[in-house]
Amino acid sequence: MKGSQLQKIVAGSRLTLPVTALYGLAIWFICGAIQYQWWIQLVCFILSTYLMVLLNNFNALIRVYSRAITSAFIILSCVACFIFPSLEGGIVTLGLIASLSTLFASYQNREAAGLIYYTFLFLGLASLAKVHLLVIIPIYWILMIFISSLSLRTIIASVLGLLTPYWIGIAVILFHYKGDFTPFTNHFLPLTEISIFTAYDSITFSCYLTYAFLVVLTITGIIHFLRTSYNDKIRTRQLYYSIMFFNIVVLVLLPLFPQHYDLLIRPAIILTSPLIGHFIALTHTKVTNIAFYVIMITAFLLTVFNLWTSSFTS
């Protein structure tokens, strides 16, 4: 079997996603999902994978039948297996994918107040787990410009959606804590601790390698898409431009704020998946074939290395 035929089969086969899903579950169990009782984290991962399927299906991110985007998400998540233990991170991943799904559904609809409300509701709920997620809210407003859904109505809906979880939180505090707002204020205190180019000593070699791999994949996916975007519909182009912009911002923020690596690597994985999935599904030249094999082998070797060096498997 020629390499190009294998790539087409992998990109277009209905078995690709089930096989990749089994691979992902195997990595989770090797990491210690049973031993360390990471059941909620695993459920978040499974739900996130399902939402990635819906994100691809509802937005037709690839113009041919392919599960390459969801499969890429699973594989890249396994590469960064050292993030599996974080429950807060799992919730953030789930919230980000859900928010992108509803955001993209509002394409060219400046009256889509309901969709935008849910977009920012998901972000607000995720920020209850990681308050620093609130920092990316302005990025979402910029993305609304990319997809032509920004208006006064949708801005108001975004603010209401973002505030809803905190309104409920205030009600809980008034009832359960008898008006003691200390837990509420403590939640926002980390936002006052702003420092750049610090905490590099907490970043392991595995983290650097994973980040570098995502950067290379992002560059590969962006170059491919810009060269072939004329084949896609205008809607698809605008969605990918949004994904590219968001991903570049995240990849720039990561080295600036290494102390938030666990938070920022998650949107990087989510946003890199469509870019590299588009590349794998829609390229069939000899050079891109070689790149396909290099990507798959590198992903597997990185996963093995990160498994070997992770504390929970040592």
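Residues numbered from 1 in each chain as written. Predicted model: local features only at pLDDT ≥ 70, side-chain atom pairs only at ≥ 80, totals over all residues. Heavy atoms only, no water.

Draft legend 1. Spatial organisation of the environment of Arg67. Along the chain, Arg67 falls in the loop between α3 (39-59) and α4 (68-79). Accessibility expressed as a relative area gives 15% for Arg67, which makes it buried. Along the sequence, Arg67 and Leu54 sit 13 residues apart, while their C-alpha atoms lie 11 Å from each other. A polar contact is formed between the side chain of Arg67 and the side chain of Asn57, at a distance of 2.7 Å. (Helix = DSSP H or I, 4+ residues; strand = E, 2+ residues; numbered from the N terminus. Buried < 20%, exposed > 50% of the residue type's maximum accessible area, 1.4 Å probe, protein only. Polar contact = N/O pair within 3.5 Å; in protein donor to acceptor, adjacent residues only side chain to side chain.)

Draft legend 2. Summary view of the side chain of Arg266. Mapped onto the fold, Arg266 is located in helix α12 (residues 261-282). On the basis of relative accessible area, Arg266 is assigned to the buried category, the value being 6%. Here Gly89 takes part through its backbone oxygen, which lies 3.3 Å from a polar atom of the side chain of Arg266. Non-local contacts of Arg266, meaning those with residues more than four positions away in its chain, are made with Ile83, Ser86, Gly89, Gly90 and Thr93. (Contact = heavy atoms within 4.5 Å.)

Draft legend 3. Representation of the pattern of salt bridges within the structure. Throughout the structure, instances matching the rule amount to 3 salt bridges. Residues Arg63 and Asp232 are paired through a salt bridge, measuring 3.0 Å at the closest nitrogen-oxygen approach. Here Arg63, found in the loop between α3 and α4, pairs with Asp232, found in the loop between α10 (205-228) and α11 (234-256); they are 169 residues apart in sequence, far enough to count as distant. Note on Asp232: relative accessible area 5%, which makes it buried. With a shortest N-O distance of 3.3 Å, Arg266 and Asp262 are connected by a salt bridge. Taken together, the residues Arg266 and Asp262, both in helix α12 and 4 residues apart, mark about one turn of the helix. (Salt bridge = Lys/Arg side-chain N within 4 Å of Asp/Glu carboxyl O.)

Draft legend 4. A look at a nonpolar patch on the surface. Together, Leu152, Ile155, Ile156, Val159, Leu160, Leu163 and Trp167 make up a nonpolar patch on the protein surface, roughly 620 Å² of accessible area in all. Among the secondary structure elements, Val159 is positioned in helix α8 (residues 152-176). Here Val159 falls in the partly exposed class, since its relative accessible area comes to 35%. (Patch = residues over 30% accessible without salt bridge, like charges linked within 9 Å, V, L, I, M, F, W, Y side chains within 5 Å. Areas by Shrake-Rupley, 256 points an atom, 1.4 Å probe, with all protein chains shown as cover.)

Draft legend 5. Spatial organisation of the packing of α11 against α12. Put simply, α11 and α12 touch, their axes get as near as 9 Å, and they point 145° apart. Here α11 and α12 pass one another in a crossing that is left-handed. Contacts between α11 and α12 involve Tyr240, Ile243, Met244, Phe246, Asn247, Val250, Leu251, Leu253 and Leu254 from the former and Tyr261, Leu264, Ile265, Pro267, Ala268, Leu271, Thr272, Pro274, Leu275 and His278 from the latter. Across the contact of α11 with α12, the residue classes tally to 16 nonpolar, 3 polar and no charged. (Axes fitted to C-alpha atoms, helices over the stretch in contact; angles between N-to-C directions. Left-handed = near helix turned anticlockwise from the far one by under 90°. Nonpolar A, V, L, I, M, F, W, Y, C, P; charged D, E, K, R; others polar.)

Draft legend 6. View of the packing of aromatic side chains. As enumerated under the stated definition, the model contains 20 aromatic pairs in all. Between the aromatic rings of Tyr36 and Trp38, the centroid separation amounts to 5.3 Å while the plane-to-plane angle is 15°, which identifies the pairing as stacked. We classify Trp38 as buried; its relative accessible area is 6%. An angle of 50° between the planes, with centres 6.3 Å apart, marks the rings of Phe45 and Phe84 as tilted. Of the two residues, Phe45 is situated in helix α3 and Phe84 in the loop between α4 and α5 (87-105); the sequence distance between them amounts to 39 residues. The residues Phe45 and Phe84 share a single accessibility class, namely buried. Put simply, the rings of Trp28, Tyr36, Trp38, Phe45, Phe73 and Phe84 touch in pairs and so form one group of aromatic residues. Above the plane of the ring of Tyr65 lies Arg14, whose end atom (NZ or CZ) is 4.3 Å from the centre. (Phe/Tyr/Trp six-rings, centres within 6.5 Å; stacked < 30°, edge-to-face > 60°. Lys NZ or Arg CZ within 6 Å of the ring centre and 35° of its normal.)

Draft legend 7. Quick look at helix α13 (residues 286-309). Its 24 residues place the ends of α13 34 Å apart at the C-alpha level, agreeing with the 34 Å of an ideal helix rising 1.5 Å per residue. For α13, the set of buried residues is Thr288, Asn289, Phe292, Ile295, Ala299, Leu302, Thr303, Asn306 and Leu307. (Expected span 1.5 Å × (residues − 1).)

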